[in-house]
Amino acid sequence: PDTKREDLGFVQPFTDSPLDDEPVGENVYLSLINKAERYVYITTPYLIIDSTMTAALCTAAKSGVDVRILTPHIPDKKMIFEVTRAHYPLLLEAGVRIFEYTPGFVHGKTFAVDDEYGVVGSINMDYRSLFLHFECGVWMYRCPCIADIRDDFLKTLEVSQEVGLDK
């Protein structure tokens, strides 16, 4: 079937399996970060990333890309929350902006990049999700809903607190 219409862009569902040697979820996320020229907005409940993902995010921010990450302020798992926060300083020092959603737990997994690319799926930014779980997502290119993902992210920042290096 034809998956392209000029007015709707491209939509590509994908899956990731721990049973092969192809880290599809990580590759999709790294590709989006590396493609970013203006902004990359990420929502994730867990931010437990390896050196490759950390380097990509830091490099993007140092290159002038507006990198923002939204995580929960109210944890569902205290230990995971503390490990997530342990990744903040290096990212903040590189210019990544991190926000914590204050009204409750945020469980979304979304990317919006330059009004061109987007992903919505089940893939957290943590080792288990990226390498050990069966996951799925939808990669989008030039779809009108990417603006909705971006706008929802920005609206959610209004009820979130920005994290500083002093935290």
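Everything below is about the structure printed above this text.
Residues numbered from 1 in each chain as written. Predicted model: local features only at pLDDT ≥ 70, side-chain atom pairs only at ≥ 80, totals over all residues. Heavy atoms only, no water.

**Student:** Quick rundown of the environment of L8? Include the residues and the values.
**Tutor:** Tracing the backbone shows L8 in the loop between β1 (4-5) and β2 (9-16). For L8, a relative accessible area of 40% translates into the label partly exposed. Expressed as a C-alpha distance, the spacing of L8 and L70, which sit 62 residues apart in the sequence, is 27 Å. Leaving out residues up to four positions away in the same chain, L8 has contacts with R142, C143 and P144. (Helix = DSSP H or I, 4+ residues; strand = E, 2+ residues; numbered from the N terminus. Buried < 20%, exposed > 50% of the residue type's maximum accessible area, 1.4 Å probe, protein only. Contact = heavy atoms within 4.5 Å.)

**Student:** Explain the side chain of E100 residue by residue, including any values.
**Tutor:** With respect to the helices and strands, E100 occurs in strand β6 (residues 97-101). The residues touching E100, leaving out its near neighbours within four places in the chain, are L70, T71, P72, H73, F81, R85, Y88, S160, Q161 and V163.

**Student:** Residue-level account of unusual backbone geometry, with values.
**Tutor:** If you check the backbone angles, D114 has positive phi at about 55° while not being a glycine. Position of D114 among the secondary structure elements: in the loop between β7 (110-113) and β8 (117-121). A positive phi angle, close to 60°, is found at D115, a residue other than glycine. Mapping D115 onto the fold places it in the loop between β7 and β8.

**Student:** Break down helix α1 (residues 24-35) for me, with residues and values.
**Tutor:** Helix length check: α1, at 12 residues, gives a terminal C-alpha distance of 16 Å against a target of 16 Å (1.5 Å per residue), a fit within 8%. Residues of α1 that are buried: V24, G25, E26, V28, Y29, L30, L32 and I33. (Expected span 1.5 Å × (residues − 1).)

**Student:** So, the pattern of salt bridges: which residues are in play, and what are the values?
**Tutor:** Tallying each qualifying case throughout the model produces 9 salt bridges. Of the charged contacts in the structure, one is a salt bridge between R85 and E100, with a shortest N-O distance of 2.7 Å. With R85 in helix α3 (residues 78-86) and E100 in strand β6, the pair connects residues that are 15 residues apart, well separated along the chain. A salt bridge links R150 to D115; the nearest nitrogen and oxygen atoms lie 2.6 Å apart. You can see R150 sitting in helix α6 (residues 145-157) and its partner D115 sitting in the loop between β7 and β8, a full 35 residues away along the chain. Among the charged side chains, a network of salt bridges with common partners joins R38, D115, R150 and D151. (Salt bridge = Lys/Arg side-chain N within 4 Å of Asp/Glu carboxyl O.)

**Student:** Describe the packing of aromatic side chains, listing the residues and the values that go with them.
**Tutor:** In total, this model carries 9 aromatic pairs according to the counting rule given. Considering the side-chain rings of Y41 and F153, the 4.8 Å spacing of their centres and the 10° angle between planes classify their relative orientation as stacked. Of the two residues, Y41 is situated in strand β3 (residues 39-43) and F153 in helix α6; the sequence distance between them amounts to 112 residues. Ring plane angle 40° and centroid distance 4.9 Å describe the contact between Y127 and F131, whose orientation is recorded as tilted. Residue Y127 and its partner F131 are both found in helix α5 (residues 127-132); the two are separated by 4 residues, about one turn of the helix. Overall, F131 belongs to the partly exposed group, its relative accessible area being 24%. Among the aromatic residues, those joined into a cluster by ring pairs are F10, Y117, W139 and Y141. (Phe/Tyr/Trp six-rings, centres within 6.5 Å; stacked < 30°, edge-to-face > 60°.)

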